[in-house]
Every structure is written in C-alpha cells, then in structure tokens.
Amino acid sequence: MALDKNMLCCQQHVDVAIDDYINEYETFPNMDKVESGKCDYCENKAEYVIGN
Ligand SMILES: [Zn+2]
C-alpha cells in the first residue's frame, strides 16, 4: 500500500499501521485521534491517523 500520505486505522489495525509505517520509513510515526473517516485496512470507523 502507498504510505506517502497519512493513514487512517481503527483500534484493531493501529499496530499493523504502525508496523507498516516503521517498515517503510524506519522511524516511529506520529499518531493522533480522529473523529471521522474509515480504516485503511477494513471497513471499521477510523480511530487514529498515523503519519509524519
Ligand atoms: Zn481496521
């Protein structure tokens, strides 16, 4: 998947999203809560945005 933008993820996929980010950029991402949007990994409501 493309990681050149912020990723949205639900509670279940936050660990996967962080791992993907670290694998791609070899640095720990910033993480914030979001109030809207859909998880990039499933159909659940997004809880976090991960990016730089
Ligand atoms: Zn998800």
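As a starting point, this report considers the structure included with it. Values in this document were obtained by computation on a predicted structure and should not be read as measured data. Position numbers for residues count from 1 along each chain, tracking the sequence in the order it is written. Predicted model: local features are reported for residues with pLDDT of at least 70 only, side-chain atom pairs are reported and counted for 80 or more only, and whole-chain, interface and lining totals are derived from all residues. Side-chain calculation: all heavy atoms of the structure are included, whereas hydrogens and water are not.

1. Section: the overall build of the protein
- Segments assigned H or I by DSSP are reported as helices when at least four residues long, segments assigned E as strands when at least two residues long, and all are numbered from the N terminus. Secondary structure assignment for the protein yields 1 helix and 3 strands.
- In sequence order, the secondary structure elements of the protein are arranged as β-α-β-β.
- Referenced to the eigenvectors of the C-alpha coordinate spread, the extents of the protein come out at roughly 25 × 20 × 15 Å.
- Across the protein, every contact between residues at least 6 apart in sequence was considered, and the portion connecting residues at least 24 apart equals 51%.
- When the accessible surface of the protein is totalled, it reaches about 3,600 Å², and 45% of it is carbon and sulfur.
- Computing the positive centroid from 4 side-chain charges and the negative centroid from 11, the protein places the two 9 Å apart. We call two residues contacting when some pair of their heavy atoms lies within 4.5 Å. Calculation of accessible area relied on Shrake-Rupley with a 1.4 Å probe; when residues are assessed, cover is drawn exclusively from the protein chains displayed. Within this scheme the basic residues Lys and Arg register as positive and the acidic residues Asp and Glu register as negative, but His and the chain ends are omitted. A charged residue contributes its charge at one atom only: NZ of Lys, CZ of Arg, CG of Asp or CD of Glu.

2. As for the pattern of salt bridges
- For this document, the term salt bridge refers to a Lys or Arg side-chain nitrogen within 4 Å of an Asp or Glu carboxyl oxygen. Inspection of the entire model under this criterion finds 2 salt bridges.
- A salt bridge links K33 to E47; the shortest N-O distance between them is 3.5 Å. On the criterion of sequence distance, the pair formed by K33 in strand β2 (residues 30–33) and E47 in the loop between β2 and β3 (48–51) is long-range, its members being 14 residues apart.
- Judged by its relative accessible area of 52%, K33 is exposed.
- For the salt bridge of E43 with K38, the shortest nitrogen-to-oxygen distance reads 3.8 Å. Under the scheme applied here, a residue whose accessible area is under 20% of the maximum for its type counts as buried, over 50% as exposed, and between as partly exposed, the area being computed with a 1.4 Å probe on protein chains only.

3. Section: the nonpolar core
- As used here, the term nonpolar core means buried Ala, Val, Leu, Ile, Met, Phe, Trp, Tyr and Cys residues forming a set that is joined through side-chain atoms within 4.5 Å. M7, C9, C10, V14, A17, I18, Y21, C39, C42, Y48 and I50 form the largest nonpolar core, which has 11 residues in total.
- The element best represented in this core is helix α1 (residues 14–25), accounting for 4 residues.
- Not counting residues up to four positions away in its chain, the partners in contact with C10 are C39, C42, N44, K45, A46 and E47.

4. Looking at the sheet that holds strand β1 (residues 7–9)
- The pairing criterion is simple: DSSP has to find at least two bridges between the two strands. Read from one edge of the open sheet, 3 strands run β1-β3-β2, paired in antiparallel fashion. Each having just a single partner strand, β1 and β2 make up the two edges of the open sheet. Each strand axis lies, on average, 25° off the axis of its neighbour in the sheet, ignoring direction.
- Two strands pair when backbone bridges link them, and β1 and β3 are joined in this way by 3 bridges, in the antiparallel orientation. In the strand pairing of β3, M7 is matched with I50.
- Only the stretch in contact is used when fitting a helix axis, every axis being a line fitted to C-alpha atoms; angles between N-to-C directions are given from 0 to 180 degrees. On the sheet, α1 packs against β1, β2 and β3 and is oriented at approximately 10° with respect to β3.

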